[in-house]
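Per-entry structural report
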Amino acid sequence: MASEPRGGVHAATRASESARLEGSCGLVYVSEVMRLTVNGEPKDVPDALTVRALIEHLGLVEGPVAVELNREVVPRARHDSTALAADDVVEIVHFVGGG
């Protein structure tokens, strides 16, 4: 008889939806992730992000950005308070200066 994974079947499922991060001291931290669609591409990101945190996570902190969440524009004033959820569709336009 096959043995059930430690923590049960649900724990194994949760583990497959988690990101493993190794700290500098060698400890492994498990962080829940969620899948978003960002600019048409599926992307796994840390759970419980706001729009602003996603922008930072993606490294788009230089210059202004315009964000659309599930086909609705998110005003810049609401980036910090707008929470993202699994399966959200996010479009980000990053404006870059130049000449």
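Examining the environment of Thr-50
As for its placement among the helices and strands, Thr-50 is situated in the loop between strand 3 (41-46) and helix 2 (51-57). As for Thr-50 and Arg-78, which are separated by 28 residues in sequence, their C-alpha atoms are 9.4 Å apart. When residues no more than four places from it in sequence are discounted, the contact partners of Thr-50 are His-79, Asp-80, Thr-82, Ala-83 and Leu-84.

Section: the side chain of Asp-88
Its location among the elements puts Asp-88 in the loop between strand 5 (72-74) and strand 6 (89-94). The side chain of Asp-88 is buried and forms no salt bridge, while Arg-78, the nearest opposite charge, is found at 11 Å. There is a polar contact of 3.0 Å between the side chain of Asp-88 and the side chain of Asn-70. A polar side-chain atom of Asp-88 sits 2.7 Å from the main-chain amide nitrogen of Ala-85.

Some words on the environment of Glu-68
You can see Glu-68 is positioned in strand 4 (residues 65-69). Residues Glu-68 and Val-38, 30 residues apart in the sequence, show an inter-C-alpha distance of 9.9 Å. In contact with Glu-68, not counting residues within four places along its chain, are Val-73, Val-89, Val-90 and Glu-91.

Section: the confidence of the model for the protein chain
For the protein chain, mean pLDDT is 79; residues scoring 70 or higher make up 67% of the total. Here residues 1-17 is a poorly scored stretch, pLDDT under 50, and it has six contacts once near neighbours within four places are set aside; other chains count.

Some words on the pattern of salt bridges
In this structure the tally under the stated criterion is two salt bridges. The residue Arg-35 makes a salt bridge to Asp-44 at a minimum N-O spacing of 2.8 Å. Where Arg-52 meets Glu-56, a salt bridge forms, and the shortest distance between an N and an O atom there is 3.1 Å. You can see Arg-52 and its partner Glu-56 sitting in helix 2, four residues apart, about one turn around the helix. Looking at Glu-56, the relative accessible area reads 44%, which means it is partly exposed.

Description of the pairing of strand 4
The side-chain alternation of strand 4 yields one buried face, formed by Val-65, Val-67 and Leu-69, and one unburied face, formed by Ala-66 and Glu-68. In terms of strand pairing, strand 4 meets strand 6 through five bridges, oriented antiparallel. Residue Leu-69 lies in a different strand from strand 6, and its bridge partner there is Val-90. Two strands pair when backbone bridges link them, and strand 4 and strand 5 are joined in this way by three bridges, in the antiparallel orientation. Of the residues in strand 5, the one forming a bridge with Leu-69 is Glu-72. The loop that links strand 4 with its antiparallel partner strand 5 comprises two residues; one of these, Asn-70, has a positive phi angle of about 50 degrees.

Definitions and cut-offs
Residues numbered from 1 in each chain as written. Predicted model: local features only at pLDDT ≥ 70, side-chain atom pairs only at ≥ 80, totals over all residues. Heavy atoms only, no water. Helix = DSSP H or I, 4+ residues; strand = E, 2+ residues; numbered from the N terminus. Contact = heavy atoms within 4.5 Å. Buried < 20%, exposed > 50% of the residue type's maximum accessible area, 1.4 Å probe, protein only. Lys, Arg positive; Asp, Glu negative; His and termini not counted. Salt bridge = Lys/Arg side-chain N within 4 Å of Asp/Glu carboxyl O. Polar contact = N/O pair within 3.5 Å; in protein donor to acceptor, adjacent residues only side chain to side chain. pLDDT = per-residue confidence, 0-100. Pairing = 2+ DSSP bridges.

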